[in-house]
Amino acid sequence: MRGRVHDVVWGTVRVVLAVVLLGAAWQLARGAERDRSADLDFPRLEIHDAQGRDTGSLKVCGDRYQEPFCLRAERVAVDEVLLKLNKKGGARYQFEFGRSGGRTLALKLDIDYADQDLVEAAGRNGKATLYWWRDSVRLLEVSAGSEQRMLRTAHYPGREFVLPAAFGAVLAGLGAAFLWSGLWRIVRGGVSRLNWPWQTTVPGVAFTLAGLGGALGAMFAVHSPWTMAWTAGVVGVVSAVGMACWAYRLVRRRLPALERMEPVAPVAERRFLGTVWGPGPWQMLSMGWLRTGPQGLAAVPGPATGTGSFGVRPFPGALRLVRVRPPHRDDPLRLRFGRYRRTDGAEEAQIALIAECEALGGPVPGARVLIGAGSEDLPYVLGALSAATPSPLSVPSAPGQGSQDGQTRRRRQ
């Protein structure tokens, strides 16, 4: 029951987090759609002739045109122009404008090579006109002497919806992943590592990559919002198929093969990282290192080689192997999150496995003892357990029992 409550609590936490993420994604999507609609309205600010050709004029707010379908013009003085970055095909400049009432405005623009001479000339004693629309500068008219030129900013014709749309797509993918994981935890639980790929990894990677695909599609969704949906769907399906194949191979082939591993007879001494958990005297064995060999299975203080007995703590009794399994949710933390590096010094960690055993004798007979080790080291633990476990045929009889059995057999004869 305790494990079931644990699943429901953490599953509910994930569902609540998913609702928060999906709600934030919905708000960002609505804001992005409003910004996209406003950006598509920008061509209505241009004046065309009867044949639909652009006359080069703009609808500027005044007596004839009123907001919101007009550009608000603001005449400013160019106080300073600073070169910030040379780029391929142009350069980035920072403009300092003097506005009415003693206010200032800083604006960074990417300028083509053809316009750099005029911009630098305007920085010495020039004037400019800012054209505002939707609370952002869309056009900048710069004049120096008798020459003037119209420059477009990054907001022309307007792509302010891209960032909220992309961020919303990523949040939607994460929210869907948390929702799947939380509902799975509530309905089916999270006991075994066999459930973990389907519960967390496959949906997490698939939905997250789908969100990233939708974020990429936002770059091309000026005229068609369905571009985001198609991009997210294609990326999500491809990643889901790939992750499902990986999970099937892991769950159906790799993990069961590890659980059916064969013991290795303890011929030479071997020391490796390991964890022991159990009641009574077994608690004193969790030192971080184990030793297998002809001397038997024992806990040792470190990886030093040799057959010395300093700090060595032999197991207090024989153990019977019940099964080999991955760590479960209700196992102690040091067994669940233990990392066992390879004995050959490689950086890649081994797969953590647990040998679940039952104490046959000693101070706590019948106790449940867990031994955690890496997938390459656990076969030596199984070999040491097999060597130390007494055979049923070799169990000595109680005093007097053998003579009584012999007398009984003679009487039956």
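Cut-offs applied
- Residues numbered from 1 in each chain as written.
- Predicted model: local features only at pLDDT ≥ 70, side-chain atom pairs only at ≥ 80, totals over all residues.
- Heavy atoms only, no water.
- Buried < 20%, exposed > 50% of the residue type's maximum accessible area, 1.4 Å probe, protein only.
- Helix = DSSP H or I, 4+ residues; strand = E, 2+ residues; numbered from the N terminus.
- Pairing = 2+ DSSP bridges.
- Axes fitted to C-alpha atoms, helices over the stretch in contact; angles between N-to-C directions.
- Disulfide = S-S within 2.5 Å.

An unreviewed UniProt entry lists the protein chain under the name DUF2207 domain-containing protein, from Streptomyces incanus.

Participant: I'd like to hear about the pairing of strand 5 (residues 104-112), residue by residue, with values.
Facilitator: With burial as the criterion, only one face of strand 5 is covered, namely that bearing Leu105, Leu107, Leu109 and Ile111; the residues Thr104, Ala106, Lys108, Asp110 and Asp112 on the opposite face remain uncovered. The antiparallel pairing of strand 4 (residues 90-98) with strand 5 creates a hairpin that spans five residues between the two strands, and Gly101 there sits at a positive phi of about 75°.

Participant: Got a sec to walk through the sheet that holds strand 4? Specific residues and values, please.
Facilitator: As summarised here, the arrangement of the six strands in space is 5-4-3-6-7-8, forming an open sheet in which the pairing is antiparallel. In this open sheet, the two edge strands, each paired with only one partner strand, are strand 5 and strand 8 (147-152). When strand polarity is set aside, the average angle formed by the axes of neighbouring strands in this sheet is 35°.

Participant: So what's going on with the state of the cysteines? Which residues, and what values?
Facilitator: Tallying each qualifying case throughout the model produces one disulfide. What pairs with Cys61 in a disulfide is Cys70, and their sulfur atoms sit 1.8 Å apart. Residues Cys61 and Cys70 share a disulfide whose torsion about the S-S bond is about 90°; that sign makes it right-handed. Look at Cys61 and you get partly exposed, because its relative accessible area is 25%. Classification of Cys70 as buried rests on a relative accessible area of 2%.

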